[in-house]
Structure formats: C-alpha cells, structure tokens
Amino acid sequence: MFKKIDKQMKKRCTDALEFYDINGYFPWQKKKVVFTISRENIKRLDGIKNKSKFIDELISIKLG
C-alpha cells in the first residue's frame, strides 16, 4: 500500500533524521543504557527469579 508523500510527512521524516544525527537513535527507539553491577550486588540478586525486571524496576523507582 502506497501513501502519498505530503509536506507534513516530509517534515516528520526530516525531523526524525535530524534527531538521529544529534542523538544516535530515532525518537521512537529506546536508548541503550549500559551500567556495571558490583559482585556484592549480584550476590544480593541470587533469590530473584527475573533479575532484569527487578533491576529495571529499581531504576524506574530511582529516576521516577
């Protein structure tokens, strides 16, 4: 299915590409975050089944 390219679509595409040039990712993408967890804190996570979800929730609490 083809969509007609109008001025609004051109502007959205241009804005998205400019955003990518500045930030290195598109506005609709999640930005990759890398961090290091100490060995002591990893030991604390031993009883947690879903470690990624647990850490994500901790980050959300701290940043939110």
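Described in the following lines is the structure provided in the data block. Within each chain, residues carry numbers counting from 1 in the order of the written sequence. Given that this is a predicted model, residues contribute local features only at a pLDDT of at least 70 and side-chain atom pairs are listed and counted only at 80 or more, while totals for whole chains, interfaces and linings are drawn from all residues. Calculated side-chain values reflect all of the structure's heavy atoms, with hydrogen atoms and water omitted.

Moving on, we get to the overall build of the protein. Assigned secondary structure in the protein consists of three helices and zero strands. Along the chain direction, N to C, the helices and strands of the protein fall in the order α-α-α. It is over C-alpha atoms that the radius of gyration is taken, and the globule rule equals 2.2 Å times the number of residues to the power 0.38. The C-alpha atoms of the protein give 20 Å as radius of gyration, which overshoots the globular expectation for 64 residues (11 Å, by more than 25%). In the protein, which comprises 64 residues, the proportion classed as buried is 5%. In DSSP terms, a helix is any run of H or I states spanning at least four residues, a strand is any run of E spanning at least two, and both are numbered starting from the N terminus. Remark: exposure states derive from per-residue accessible area (1.4 Å probe, protein chains only) relative to the maximum for the residue type, with buried under 20%, exposed over 50%, and partly exposed in between.

Any two of the Phe, Tyr and Trp rings considered here, Trp counted by its six-membered ring, make a pair once their centres fall within 6.5 Å; the pair's planes then place it as stacked at under 30 degrees, edge-to-face at over 60, or tilted in between. Applying the stated rule across the entire model yields three aromatic pairs. With a centroid separation of 4.8 Å and an interplanar angle of 5 degrees, the aromatic rings of Phe26 and Trp28 are classed as stacked. Among the residues examined, Phe26 registers a relative accessible area of 22% and is labelled partly exposed. The exposed category is assigned to Trp28, whose relative accessible area is 64%. Among the aromatic residues, ring-to-ring pairing joins Tyr20, Phe26 and Trp28 into one connected group.

Right, let's talk about the environment of Arg44 for a bit. Mapped onto the secondary structure, Arg44 falls in helix 2 (residues 39–44). With relative accessibility at 66%, the residue Arg44 sits in the exposed group. On a C-alpha basis, the gap between Arg44 and Cys13 in space is 46 Å, while along the polypeptide they are 31 residues apart.

Glancing now at helix 1 (residues 7–23). Helices are assigned an expected span. That span is 1.5 Å times one less than the residue count. The first and last C-alpha atoms of helix 1 sit 24 Å apart over 17 residues, in line with the 24 Å expected at 1.5 Å per residue. Trailing helix 1 by a residue or two, Gly24 shows a phi angle of about 85 degrees, which is positive.

Like charges within 9 Å and nonpolar side chains (Val, Leu, Ile, Met, Phe, Trp, Tyr) within 5 Å are joined into patches, using only residues over 30% in relative accessible area that form no salt bridge. Residue burial considers only the protein chains on display, and all accessible areas are found by Shrake-Rupley using a 1.4 Å probe. Salt bridges, as used here, are contacts in which a Lys or Arg side-chain nitrogen is within 4 Å of a carboxyl oxygen on Asp or Glu. Residues Val33, Phe35, Ile37, Ile42 and Ile59 make up a contiguous nonpolar surface patch of about 420 Å² in total accessible area. Here Ile59 shows up in helix 3 (residues 51–63).

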